[in-house]
Amino acid sequence: MSKRKDHTPSARPQKRTRTEAAEDTDEESNDNISQFMSEASQNSPLSSGEVGIIESISLKNFMCHSLLGPFKFGSNVNFVVGNNGSGKSAVLTALIVGLGGKALATNRGSSLKGFVKEGQSSADVSITLRNRGPDAFKPDVYGEAIIVDQRISSDGVRSYKLKSKIGHVVSMKKEELISILDHFNIQVDNPVSILTQEMSKHFLQSKDKRQCMLSHTLNLLIANLGL
């Protein structure tokens, strides 16, 4: 049986001219996507006070994908597009897991070991967060970006490496990641921050959609206000 050809999703920042639909992804088109994303990021106006913005994400042996990314994102709204099975949901799932979220929060499984590609010993997720301006987290240690590397073993155990912008390992403790997320007010288990497909269906089926969304929004506001 012939192997299914991989289709890699691309991320599109806002305020770009409409481009023609891409053909099946190969090595050349991957380079074009990376160049497109790099140019978009450079052209996006940046504020010196921006922190916690996702700059890039890459996956290895995650779910059914050998390699996805790295995808580089702009400062505004980004769209990840691709064919069915190309990895759009995998990117969102990896974002939750990579930032310390539980497997149940992804609505894609109950155990972390389920995210390791079959036949592989581990899966890797790397996420880069912006760390600029007066609200930066330990800027003298991390610099203008914080790299969160996570490895999930085939038995469901995960380990962390929190790196500076230049790749120096600063910490390997989850407590440090929690401190970073708290500082940036990132709540990976709050659907206002990250809304999965299954959670969106839950909202649609909820008898009181406004109350449900209001509750999650208030939780996010309380965290931002430090109450």
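Residues numbered from 1 in each chain as written. Predicted model: local features only at pLDDT ≥ 70, side-chain atom pairs only at ≥ 80, totals over all residues. Heavy atoms only, no water.

A. Up close: the side chain of Asp 149. The residue Asp 149 is located in strand 6 (residues 145-153) in this model. Assessed through its relative accessible area of 17%, Asp 149 is described here as buried. A distance of 2.6 Å separates the side chain of Asp 149 from the side chain of Ser 126, its partner in a polar contact. Looking at Asp 149, its side chain comes within polar contact range of the side chain of Lys 163, at 3.0 Å. Discounting chain neighbours no more than four positions away, the residues touching Asp 149 are Val 125, Ser 126, Ser 159, Tyr 160, Lys 161 and Lys 163. (Helix = DSSP H or I, 4+ residues; strand = E, 2+ residues; numbered from the N terminus. Buried < 20%, exposed > 50% of the residue type's maximum accessible area, 1.4 Å probe, protein only. Polar contact = N/O pair within 3.5 Å; in protein donor to acceptor, adjacent residues only side chain to side chain. Contact = heavy atoms within 4.5 Å.)

B. Seen up close, the pairing of strand 5 (residues 122-131). Of all 10 residues that make up strand 5, nine are buried, and the element is covered over most of its length. Judged from the seven bridges that link them, strand 2 (residues 51-62) and strand 5 form a sheet pairing that is antiparallel. Paired with Leu 59 across the bridge in strand 5 is Val 125. Relative to strand 6, strand 5 runs antiparallel, the two being bridged by nine bridges. Note that in strand 6 the partner of Asp 124 across the bridge is Arg 151. (Pairing = 2+ DSSP bridges.)

C. Region of the structure containing the packing of aromatic side chains. On inspection of all chains with the given rule, the structure shows two aromatic pairs. A ring pair is formed by Phe 62 and Phe 115, whose centres lie 5.5 Å apart and whose planes are at 10°; its orientation type is stacked. With Phe 62 in strand 2 and Phe 115 in the loop between helix 2 (88-98) and strand 5, this pair connects stretches of sequence that are 53 residues apart. Residue Phe 62 shares its accessibility class with Phe 115, and that shared class is buried. (Phe/Tyr/Trp six-rings, centres within 6.5 Å; stacked < 30°, edge-to-face > 60°.)

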